[in-house]
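Residue-level structure breakdown
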Amino acid sequence: MNREPRFDELMDAETTGEERERLRHVHELLLQAGPPPELTPKLRTAPGSESGVVHLQRRSVKRRGLLLLAAAVSIAAVFAAGYGVANSRHGGTTATGVVAKTVALKGTAAVPKAEATLEVWKPQAGNWPMTLSVSGLPKLPQHVYYEVYLVRNGKPWAPCGAFRVGSPSQALTLRLNAPYKLRKGDTWVVTRPAPGGRDPGKTVLRPVTA
Amino acid sequence: MRRNSADMEIALDVPRLRAVPSEREPAPATPAVEPSDAELLARVAERDRAAFEILYGRYVRPIFGLALRRLGDRGHAEDAVQEAFAAIWRSAATYRPERGAAGGWLYTVARNAIVDRLRRNGPAAGAELPELASAEPGPSERAEESDTSFRVHRALEELQPREREVIELAYWSGMSQSEVAEYLGLPLGTVKTRTRSGLARLASMLEGELL
C-alpha cells in the first residue's frame, strides 16, 4: 500500500520555527495535490510542426481515418518486425519455444529508474508463456504484489501474474503466462495495487515507445 | 489484485547493479537563467517554436492533470491538452502582462479548452454526478483542488531534476526515506538534504499563490 510520508520523517531537526511551518505547509499541499499524471506517448512531445499546431482544430474525419489506418499499419509492422528481430536474436527457438514478441518497459515517474524486458513466447495449448526481466522496482509491503497486466485498447485488461521483489537494487527474471488469445496491438504493463486494493492499481512500468 | 503469497516467488537473484554510493553530495551546477513564462509567451506570439516547446514542457503535466480531473477520461484529456496548447499558440499575442501573471493566463486558457471539451463530450461515465447528495467535495471545492494541484504540479516542473526525483519518490512511491536512499544509491543525508531544499524551493515558488 502507498503510505503518506510523515513530515517529521522528511525533515531534519535543524529546521525549526517559521521555516519548518512554511515547509510543513508545502508538505500538505503536495499531499493535497497528489502525484502529477504520467504523460501518455501522445503528449510526450509538443504538437508537431507549426502548421500541425495551427491546424489541430481542423482535423477532418478523412484525416483521422487516414491516421488510424497508418497507425494500424505501423502496429502491424512493429509487431512483425519484433517477431523477426526476436526470432533472429534467439535463433528462432529456445528451450521454451519461439519468441513471438519482445516488449521493453520503462519505469513511470514514481519509479523512474525501473526497467524491464518482457519476452512473449509462441503459444502452447492456448497459453502464451512469458519471461519478465525486471530491475529497479522498490520492495512492497507484505502481502502486496506487483502485477503484470495485458493491455488492450489502451487499458489494463487482464492479469498475467504477480510477483514481488526483495529490494530496489535486485534484478529478477520471472516466468509468467498469458492465458488469453492475444490480438494485434496488445501490450503489457506492470502495476502496483492502488490504496484500497482496487484493480489493476497504478502503472509502474509501461512500454517504451519510439 | 492480491495473490496468495506462494504465487510467483520464483525470482532469481542477480548481483547488485548499482554502484557504491558516493558519500559526498556533488556541488550543484549553477542553474542557467530560465526565461519567464511571460517572456516565452511573447516569443510564442512571434511564432517562436523553441519557446513554445519550453512552455509545453513546463505546463503539459499540470494541464493534463487538470484535464484528467475534470474529464475523467485519458483520451478526452489528451485531446483537451492538445486543444489547450493549440489555443495557447493561436492566442499568445493576446496576453497582457499588466493584467496578471502568465501562469494565470495559461491556466485560464487551459481551463477553457477543458470546459469546451467537457461540453462537447459530456462527462465520462466515471465522472457523472451522483443523484444523491454526498460528502464528496462540491464543484467549487473541486475547482479549488484542481487549481491547487495545477499550481503545485507546475512548481514541481521548475525544480532541479534531482530534487524533483526525491520528492516524487518520497510522496508518491510509498517508499520511506531510507528506501529512497537505497533505491537511488545515495546516502540518507543526501536524500534528506535534497528533499528539504526541494520543499524550500517549492515554498518560494508558491509564496503569494498558495502559502
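Small disclaimer: the values here were computed from a predicted structure and weren't measured. (Residues numbered from 1 in each chain as written. Chains lettered and ligands numbered in written order. Predicted model: local features only at pLDDT ≥ 70, side-chain atom pairs only at ≥ 80, totals over all residues. Heavy atoms only, no water.)

**Focus on the overall build of chain A**
Cut-off, in case you're wondering: In this text, helices come from DSSP runs of H or I with a minimum length of four residues, and strands from runs of E with a minimum of two, each type numbered from the N-terminal end. Residue exposure (1.4 Å probe, protein chains only): buried if accessible area is under 20% of the type maximum, exposed if over 50%, otherwise partly exposed. Residue contacts are defined here by distance: any two heavy atoms, one from each residue, within 4.5 Å place the two residues in contact. Accessibility throughout is a Shrake-Rupley quantity obtained with a 1.4 Å probe, and a residue counts as covered only by protein chains that appear here.
Counting its regular elements, chain A contains four helices and eight strands. Element order for chain A, N to C, with α for helix and β for strand: α-α-α-α-β-β-β-β-β-β-β-β. Across the 210 residues in chain A, those meeting the buried criterion constitute 44%. The long-range fraction of contacts in chain A, counting pairs at least 24 apart against all pairs at least 6 apart in sequence, stands at 52%. Element-wise, carbon and sulfur atoms account for 57% of the exposed surface of chain A, whose accessible area totals about 10,600 Å².

**Looking at the overall build of chain B**
The secondary structure content of chain B amounts to eight helices and zero strands. Listed N to C, the secondary structure of chain B is α-α-α-α-α-α-α-α in terms of helices and strands. Buried positions account for 44% of the 211 residues belonging to chain B. For chain B, restricting intrachain contacts to residue pairs at least 6 apart in sequence, the fraction spanning at least 24 positions comes to 66%. Carbon and sulfur atoms make up 53% of the accessible area of chain B, which totals about 10,800 Å².

**Re the sheet that holds strand E5 (residues 155–163) of chain A**
Residues and elements named next belong to chain A. Our working rule: Strand pairing requires that DSSP identify at least two bridges connecting the strands. Lines fitted to C-alpha atoms define the axes here, with helix axes fitted over just the stretch in contact, and angles between the N-to-C directions of these axes take values from 0 to 180 degrees.
Pairing is antiparallel across the open sheet formed by eight strands, whose spatial order is E5-E4-E7-E8-E1-E2-E3-E6. The sheet terminates laterally at E5 and strand E6 (172–178), the two strands that pair on one side only. Across the sheet, the mean angle separating the axes of adjacent strands is 30° when strand polarity is ignored. Where strand E1 (residues 99–107) lies against strand E2 (residues 115–121), seven bridges are found, and the strand directions are antiparallel. Pairing of lysine 106 across the sheet is with glutamate 115, part of E2.

**Some points on the side chain of lysine 101 of chain A**
Residues and elements named next belong to chain A. Where we set the bar: For the purpose of charge, His is not counted, nor are the chain termini; Lys and Arg are scored as positive and Asp and Glu as negative. Put simply, a salt bridge is a Lys or Arg side-chain nitrogen that is within 4 Å of an Asp or Glu carboxyl oxygen. Polar contact criterion, stated in full: a pair of N or O atoms within 3.5 Å, where within protein one must be able to donate a hydrogen and the other to accept it, and residues adjacent in sequence count only if both atoms are side-chain atoms.
Summarising the element assignment, lysine 101 is placed in strand E1. Here lysine 101 sits buried without a salt bridge, and the closest side chain of opposite charge, aspartate 186, lies 7.3 Å off (N-O distance). At a separation of 2.5 Å, a polar atom in the side chain of lysine 101 contacts the main-chain carbonyl oxygen of aspartate 186.

**Brief notes about the pairing of E5 of chain A**
Residues and elements named next belong to chain A. Here seven bridges tie strand E4 (residues 146–152) to E5, and the two strands are oriented antiparallel to one another. Each bridged residue has a counterpart across the sheet, and for valine 148 the counterpart in E5 is glycine 161. Counting the residues in the hairpin turn of E4 and E5 gives two residues, including asparagine 153, whose phi is positive at 55°.

**Regarding the nonpolar core**
Let me state the cut-off plainly: Nine residue types can take part in a nonpolar core, namely buried Ala, Val, Leu, Ile, Met, Phe, Trp, Tyr and Cys, and a core is a set of them joined through side-chain atoms within 4.5 Å.
Membership of the largest hydrophobic core comes to 61 residues, with the highest contact counts inside it found for Leu30, Leu132, Leu137, Phe163 and Trp188 of chain A. Residues Leu39 of chain A together with Phe52, Ala92 and Tyr95 of chain B belong to the second largest nonpolar core, which totals 36 residues.

**Digging into the confidence of the model for chain A**
Residues and elements named next belong to chain A. Our working rule: The pLDDT score gives, residue by residue, the confidence of the prediction method on a 0 to 100 scale.
Averaged over every residue, the pLDDT of chain A is 74; the share at 70 or more is 70%. Mean pLDDT in chain A bottoms out at helix H3 (residues 50–54), which sits at 44, and peaks at helix H2 (residues 17–33), which reaches 92. Across residues 54–62 the pLDDT falls below 50, and counting only partners more than four positions away or on other chains, this stretch makes nine contacts in the model. Under a pLDDT of 50 for its full length, residues 77–96 has, in the predicted model, 24 contacts with residues more than four places off or in other chains.

**Here we look at the packing of helix H1 (residues 37–45) of chain B against helix H4 (residues 102–121) of chain B**
Residue and element names in this part refer to chain B. Rule in force here: The scheme is simple: roughly parallel for angles under 35 degrees, roughly antiparallel for over 145, roughly perpendicular for 65 to 115, oblique for anything else.
It is the contact of H1 with H4, at a shortest axis distance of 8 Å, that shows an interaxial angle of 60°. In terms of orientation, H1 and H4 fall into the oblique class. Contacts between H1 and H4 involve Asp37, Ala38 and Leu41 from the former and Ala102, Gly103, Trp105 and Leu106 from the latter.

**Topic: the environment of lysine 155 of chain A**
All names here are of chain A. Examined against the element boundaries, lysine 155 turns out to sit in strand E5. Its relative accessible area of 55% is what places lysine 155 among the exposed residues. Along the backbone, lysine 155 and proline 200 are 45 residues apart, and their C-alpha atoms lie at a distance of 9.7 Å.

**A short note on the environment of proline 35 of chain B**
Residue and element names in this part refer to chain B. Position of proline 35 relative to the elements: it lies in the segment before H1. A sequence separation of 19 residues divides proline 35 from isoleucine 54, and the C-alpha atoms of the two residues are 9.1 Å apart. Those residues within four positions of proline 35 in sequence are excluded, and the remaining contacts are Leu40, Arg43 and Arg58.

**With respect to H2 of chain A**
Residue and element names in this part refer to chain A. For the record, the criterion: The length a helix should cover is 1.5 Å for every residue beyond the first.
Its 17 residues give H2 an end-to-end C-alpha distance of 25 Å, which sits within 8% of 24 Å, the value for a rise of 1.5 Å per residue. Listing the buried residues of H2 in full gives Arg20, Leu23, Val26, His27, Leu29, Leu30 and Ala33. Where H2 terminates, the next one or two residues include glycine 34, which has phi positive at roughly 75°.

**Things to note about the environment of glutamate 158 of chain B**
Residue and element names in this part refer to chain B. Turning to its location among the elements, glutamate 158 is positioned in helix H5 (residues 139–158). Residue classification places glutamate 158 among the partly exposed residues on the basis of a relative accessible area of 34%. Each C-alpha atom of the pair glutamate 158 and glutamate 34 lies 9.6 Å from the other, and the pair is 124 residues apart in sequence. Setting aside residues no more than four positions away along its own chain, glutamate 158 makes contact with Arg58 and Met205. Separated by 3.4 Å, the side chains of glutamate 158 and arginine 154 make a polar contact.

**What about the packing of helix H3 (residues 74–91) of chain B against H4 of chain B?**
Each packed pair of helices is defined by two parameters, the angle between the axes and the distance between the axes. Residues and elements named next belong to chain B. Quick note on the threshold: Here a crossing is taken to be left-handed if its near helix is turned anticlockwise relative to the far helix by less than a right angle, and right-handed if that turn runs clockwise. Put simply, Ala, Val, Leu, Ile, Met, Phe, Trp, Tyr, Cys and Pro go in the nonpolar bin, Asp, Glu, Lys and Arg in the charged bin, and everything else, Gly too, in the polar bin.
At a minimum axis distance of 8 Å, the contact between H3 and H4 shows a crossing angle of 135°. In terms of their interaxial angle, H3 and H4 are classed as oblique. Seen along the crossing, H3 lies across H4 with a hand that is right-handed. Here His76, Asp79, Ala80, Glu83, Ala84, Ala87, Ile88 and Ser91 of H3 lie close against H4, whose contacting residues are Trp105, Leu106, Val109, Ala110, Ala113, Ile114, Arg117, Arg120 and Asn121. Its residues assigned to classes, the contact of H3 with H4 shows 10 nonpolar, three polar and four charged.

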